Amino acid sequence: MQEETLTKHEQIIRYIEELSVGTHISVRKIAQALEVSEGTAYRAMKEAESLGYVSTKDRTGTVRVEKKEPQPIDKLTFAEVVNIVDGEVLGGASGLHKSLNKFVIGAMQLEAMKRYIEPGNLLIVGNRTQAHLYALGQGAGILVTGGFQTLDEAKELADELELPIISTSYDTFTVATKINRAIYDQLIKKKIMLVRDIIRADARVYSLRAEDTVSDIRHWMDETGHTRFPVVDERNKPIGMVTAKDVVGAEAGQPIHQLMTLDPLTVSDQAPVASVSHTMVWEGIELLPVVGKDGRMVGVISRDDVLKAMQYLQTQPQHGETLEDQIWSGMEKVRGKDGEFYYQGTVTAQMTNPVGTVSEGILTTLMSQVAIRTIREQKRGDLIVDSSSNYFLLPIPIDSVIECVPNVLEMSRKYGKIEVDIFCDGKRMAKSTFTCRLTD
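The rules behind the values
- Residue positions within a chain follow its written sequence, with the count starting from 1.
- Residue-level local features of this predicted model are given only where pLDDT is at least 70; pairs of side-chain atoms are given and counted only at 80 or more, and the full residue set underlies all totals for whole chains, interfaces and linings.
- Here the side-chain values reflect all heavy atoms present in the structure, with hydrogen atoms and water set aside.
- The way it works is that DSSP assigns letters per residue, a run of H or I at least four long becomes a helix, a run of E at least two long becomes a strand, and they are numbered from the N terminus.
- Accessible area is worked out with a 1.4 Å probe on protein chains only. A residue is then buried under 20% of its type maximum, exposed over 50%, and partly exposed in between.
- Whether two residues touch is decided by their heavy atoms; if any such pair falls within 4.5 Å, the residues are in contact.
- Using the Shrake-Rupley algorithm and a 1.4 Å probe, accessible areas are obtained, with residue cover drawn only from the displayed protein chains.
- In this analysis, strands are considered paired if DSSP registers two or more bridges between them.
- Think of each axis as a best-fit line through the C-alpha atoms, taken over the contacting stretch in the case of a helix, with angles from 0 to 180 degrees between the N-to-C directions.
- Note on aromatic contacts: the rings of Phe and Tyr and the six-membered ring of Trp form a pair at centre separations within 6.5 Å, being stacked when their planes are under 30 degrees apart, edge-to-face when over 60 apart, and tilted otherwise.
- As a reminder, the over-ring test applies to NZ of lysine and CZ of arginine, requiring each to be within 6 Å of the ring centre and within 35 degrees of the ring normal.

Trainee: Would you mind showing me how to read the overall build of the chain here?
Mentor: Along the backbone of the chain there are 13 helices and 23 strands. Looking at the chain residue by residue over its 440 residues, the buried ones come to 40%. When contacts within the chain are restricted to residue pairs at least 6 apart in sequence, long-range pairs at least 24 apart make up 54% of them. In the form shown here, the chain has an accessible surface area of approximately 24300 Å², with 49% of it arising from carbon and sulfur atoms.

Trainee: Just checking my understanding: could you explain the sheet that holds strand S7 (residues 102-105) for this structure?
Mentor: Hydrogen bonding along the main chain pairs the strands of a sheet, whether they run parallel or antiparallel. Read across the sheet, five strands follow the order S5-S10-S9-S8-S7 without closing on themselves; strand pairing throughout is mixed. Every interior strand has two partners, whereas the edge strands, strand S5 (88-91) and S7, have only one. Adjacent strand axes in the sheet meet at a mean angle of 25 degrees, parallel and antiparallel pairs treated alike. One ladder, built from three bridges, connects S5 with strand S10 (residues 165-167); its direction is antiparallel. Among the inter-strand pairings, Gly 91 is bridged to a residue of S10, identified as Ile 165. Helix-sheet contacts for helix H6 (residues 129-137) involve strand S8 (121-125), strand S9 (141-144) and S10, and the interaxial angle to S9 is about 155 degrees. Its contacts with the sheet put helix H7 (residues 152-161) on S5 and S10, and the angle it makes with S5 is roughly 90 degrees.

Trainee: How should the packing of aromatic side chains be read in this particular structure?
Mentor: Aromatic rings considered in pairs are described by the distance between their centres and by the relative angle of their planes. Scanning all chains against the criterion turns up two aromatic pairs. Their ring planes at 50 degrees and their centres at 5.4 Å tell us that Tyr 206 and Trp 220 sit as a pair that is tilted. Taken as a pair, Tyr 206 in the loop between helix H8 (172-190) and strand S11 (208-209) and Trp 220 in helix H9 (residues 214-224) lie far apart in primary sequence, 14 residues in all. Over the ring of Phe 341 we find Lys 333; its NZ or CZ atom is 4.4 Å from the centre of that ring.

Trainee: Before we go on, may I ask you to explain the side chain of Gln 369 in this structure?
Mentor: Position of Gln 369 among the secondary structure elements: in helix H13 (residues 360-379). Excluding residues that lie within four positions of it along the chain, Gln 369 makes contacts with Glu 324 and Trp 328.

What follows is the structure, encoded as C-alpha cells:
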C-alpha cells in the first residue's frame, strides 16, 4: 500500500482536527504554521466550519469545537428556534446546540406554571423575570416574547448553566405557531430516508487500488463472497469499479487499472434513498460507492440495501402529512359491482382553483397516486414512474363525488403501463396513462 499523500487543503483539515477543543485559530496562524497561502487556509477553514470542527462567533473569533453528532430530526435545537423567531440571544449562547424536548407557554401564575416546567423544556413567556429565574433553575431554556429583556442575574445564570435565553419581538401566539410549523415540517422530513441512515459506519468497506492485481481481487472474492469492488486512489476517492466479470480470463499479475470501469457513478451520503433507487434501476447498477462532502468513500450501497430500506420505510407510521398525503386523505377504496376496485372521494375546497373547479395539478396527483397504489398492490414492490400523458376533458366542480378507475394495460417483472380514468356522474372528466419501471 502506498503512503497516503494529502493535498494542502486536506493537510489543513487534518491539522484543525488534531487541535484541542477550545484552541483559537485564524487564517493567518494556519497559513504560517503550514506554510500555505492565506487563500488556501481560508477555504480549508470554511470547510472545517461546515464539517463542524470550528465555530466562528463575534468578538471571540474562530475556535476549535467538539464536533456534534446529528440531532434527531424530529427535535429542534435552541439555535433553530433563534432562526425561526428571528430572535436575539440574551444569555447561555454556549447551549444553543442543545435540543429541546417540549415547549411550555407561560400564560398562568408562576405557582401553576411550576408543575409543567422540566429539564430540556423551552418556556415561552413575556416580561416575567421571576419565571425566567425559576425556569433556568429547573434546567429549561427561555424564549421571551414581545421584545422584552431579562435581568442581568438571569443572563449570568444562563451563561453558567449553558441554557439559552432568547428574546423575540413576536407575541406568544405567533411564536407558538411558528415553532409548531417547524416541528411539523421536521416530522415530514423524518420520513425521508437518506443514504447515511442505512450504511453501517462500523462495517468494513473492501476496496482495491489501481496498482493491485487480478490475484488480489480473486483473493478478496474468495474471502468475502463479494463480486464487485470499488477502486480508490491514495486519498480514498473512487476512481473505478471492477467486477468478477471483468477479470474472467485475465492473468493473475495483470493490474486492476487495465480492467476496471473508469469514473464510476457515486452517491452522496446525504442523498435520499429513493433517488438512489431510481439511479440503480435506470443505470442497471448493483453497487454504488458512497462519498462524503470531501469526495472520499465512506461506504458502499447495494441494490438489496436500497430495496430493504424502501420496504422498511413503507411499514413505518406517517409522522407528518405532505401535500400528497392531504390530497389523498379523502379517497377511499371501493369494490364495484363486477368485483373490480376503484377509488372514490369528494372534491374539497382545498383541491380547487380560483374559479371553483379541481385544479389540473390536483387531478394529476390523484391519478398518479391511483396508478402507484394499483401497481404496488399487484406486484407487492416499489416502482418509479417514467412518464405520463394527461388529458383534462371536463371541469369538475367543488363538492362533486369523483371515481378514479385504474386499468392495467401491461405488466411484466420490470415494466408496467396503466391508465387511470376519473368519472363524475357517469361522465369521464380526466384521463392519464402512466409507464413505470418496477424494482421488485
